[in-house]
Amino acid sequence: KPAHPARRPAVVAGASSGIGAQTAKALAAAGFPVALGARRVERCEELATAIREDGGEAFVHALDVASTESVERFAGAVAKELGDVEVVVCNAGRLAPGSLLDATTEQLVAEFDVNVLGAHRLLRAFGAGMVERQRGDLVFVSSDTALRARPFMRGYSATKSGLEGLVEALRMELEGSGVRASVVRPGPTWSEMGSDWDAEAGAKVLTEWVRWGHARHSHFLEATAIADAIVTVVCAPRGVHISPVDVNPEAPV
Ligand code: NDP
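Okay, so let's go over this structure. (Residues numbered from 1 in each chain as written. Predicted model: local features only at pLDDT ≥ 70, side-chain atom pairs only at ≥ 80, totals over all residues.)

What follows covers the site of the ligand. Lining the immediate environment of the ligand, one finds 29 residues, of which G14, G18, R40, G93 and S191 sit closest. The greatest single-element share of the shell around the ligand, amounting to 3 residues, is contributed by helix α1 (residues 18-29). When the residues that make up the shell around the ligand are grouped by side-chain class, the tally is 14 nonpolar, 10 polar and 5 charged. (Near = placed C-beta within 6 Å. Helix = DSSP H or I, 4+ residues; strand = E, 2+ residues; numbered from the N terminus. Nonpolar A, V, L, I, M, F, W, Y, C, P; charged D, E, K, R; others polar.)

Written out as C-alpha cells, the structure is:
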C-alpha cells in the first residue's frame, strides 16, 4: 500500500494557536484535509480561511478535550465532513504556573483532565475506526518536562510523563494493527502558552527553570519546528515507527 494515499483526513486537537495552529497549516500544505478543533472556534475559523486561500482543505468544529460529549460530537462532525480520519494530533494542552504546595487537588485534576485524559478521549473517539481500517497515526504532543520535571509548573511535568506512559502502553497494544502511536516532545517553543499567566508567577517559572539549568530562555523554538516534526512522523512509510521525537533549540538546554 502507498505510504501517502491521495487523501488522508487529519485532526488537530488544540488547533487555535501555537504548535497546533502551525501543525494544521503544515499538514494542509502537505496535502492532508484537516479538521481543526479547539474551544476558541473563531481562531480556528481564521486559520481555516487562510488554509483554504492557500488551496488546502479545512474544517472547523468546537472541541473541548476535557468533555467526553464534546469529543464525541467533534468526532461525529469530522467523520461526516471529511470521512475516515487517518491522523489525529493530540496537541491540546495547558500549563498553569504555581507551586505544588499551593495547588489544589481540583487544579491538578483539571490539568490531568486536559493533558492526559483529553488524549485518551481522542483515542476512544478515533482509535477503533483506525484499527478496523488497519491504518492510522495517533501523534501525542508531550514535552521535554516529561523527562525532566521543572518546578513551579504545578502538575504539568507529571501530566506529560503520565501521557507518555499511556502512549508507550498503547504503542505495544497496537502492535501489528497498522496504527501508529507516536510521541513528539517539544522543548521550549514560542506560542500563546503563558500569555494569560500572572506576571510574577510567570517570571518565577522562567527564573527557576534557568536556575535549575534547564534552559536559557532566550532559546526558544518556532512552533513551525514542531509542526515539521509531526508531519515527518505521519509521513513515514507504513511499518516504520519514528518516536519519540525530541525537538529542541540548537543551543544547549
Ligand atoms: P498554546 O497555548 O498556544 O496552545 C494550546 C492549544 O491547546 C490551544 O489551541 C488551545 O485551544 C488548546 N487547548 C487547551 N485546552 C483545551 C481543551 N480543553 N480542549 C481543546 N483544546 C484545548 O500553547 P502551545 O502551542 O505551546 O501548546 C501546544 C502543546 O504543546 C501543549 O500540549 C503543550 O503542553 C505542548 N508543549 C509546549 C511547549 C512550549 O514551550 N510552548 C513545550 C513542550 C510542550 P483553546 O484554548 O482555544 O481551547
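Next comes the rest of the write-up.
A word on the sheet that holds strand β6 (residues 179-186). Reading across the sheet, the 7 strands line up as β3-β2-β1-β4-β5-β6-β7 and stay open at both edges, with parallel pairing between neighbours. Each end of this open sheet is capped by a strand with a single partner; those strands are β3 (58-62) and β7 (245-247). Mean inter-strand twist for the sheet, computed between neighbouring axes without regard to direction, equals 20°. Examined bridge by bridge, strand β1 (residues 10-13) and strand β2 (residues 34-38) share 4 bridges and lie parallel to one another. In the sheet register, V11 faces β2, and the bridge partner there is A35. The sheet strands contacting α1 are β1, β2, β3, β4 (87-90), β5 (136-141) and β6, and the helix crosses β1 at an angle near 165°. (Pairing = 2+ DSSP bridges. Axes fitted to C-alpha atoms, helices over the stretch in contact; angles between N-to-C directions. Contact = placed C-beta atoms within 7 Å.)

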